[in-house]
Amino acid sequence: MAAEDNIELGTTEKDQRLRDIASLARLVSYARQNARELNAEFSVYCLDLALGALLQDLAESGLGSIDIQDSQISC
């Protein structure tokens, strides 16, 4: 692997990435709640999966482990 391939993101880029992923998680969470209120069960399921993936991305990006209550995600 060349040295150029090992370039890591700087602090500013990491912070922006975390903010962007957190924003997406809030958006998906909002959509999931609305889908739940509309009894759109398949949409709730898909949004649960999307939210879980975003939370996993956040954890892998440096926030450590993120605790999720069972009442929030029903995958």
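Residues numbered from 1 in each chain as written. Predicted model: local features only at pLDDT ≥ 70, side-chain atom pairs only at ≥ 80, totals over all residues. Heavy atoms only, no water.

Turning next to the overall build of the protein. In terms of regular secondary structure, the protein is built from two helices and zero strands. Within the protein, buried positions represent 17% of all 75 residues. For the protein, the accessible surface area stands at approximately 5,700 Å², while carbon and sulfur atoms represent 53% of it. (Helix = DSSP H or I, 4+ residues; strand = E, 2+ residues; numbered from the N terminus. Buried < 20%, exposed > 50% of the residue type's maximum accessible area, 1.4 Å probe, protein only. Areas by Shrake-Rupley, 256 points an atom, 1.4 Å probe, with all protein chains shown as cover.)

So, about a nonpolar patch on the surface. A contiguous nonpolar patch, built from F42, Y45 and L49 and spanning about 340 Å² of accessible area, is present on the exposed surface. Examined against the element boundaries, L49 turns out to sit in helix α2 (residues 41-63). (Patch = residues over 30% accessible without salt bridge, like charges linked within 9 Å, V, L, I, M, F, W, Y side chains within 5 Å. Salt bridge = Lys/Arg side-chain N within 4 Å of Asp/Glu carboxyl O.)

Let us look at helix α1 (residues 11-37). Taking 1.5 Å as the rise per residue, α1 with 27 residues should run 39 Å; its terminal C-alpha atoms sit 39 Å apart, in good agreement. Considered for burial, the residues of α1 that qualify are L18, I21, A25, V28, R32 and A35. Positioned one or two residues after α1, N39 has a phi angle of 60 degrees, which is positive. (Expected span 1.5 Å × (residues − 1).)

Turning next to the pattern of salt bridges. Where charged atoms from two side chains of opposite charge approach closely, those side chains can pair. With the rule as written, the count across this model stands at one salt bridge. Two residues, R32 and D48, come together in a salt bridge whose shortest N-O distance is 2.4 Å. One end of the pair, R32, is in helix α1; the other, D48, is in helix α2, with 16 residues separating them in the sequence. We note that R32, like D48, is buried.

Of all residues in the protein, 71% attain a pLDDT of 70 or more, and the chain-wide mean is 80. Taken together, the stretch residues 1-6 has pLDDT below 50 and engages in one contact with residues farther than four places along the chain or on a different chain. Every residue in residues 69-75 scores below 50 in pLDDT, and together they form 14 contacts with partners more than four places removed in sequence or on other chains. (pLDDT = per-residue confidence, 0-100. Contact = heavy atoms within 4.5 Å.)

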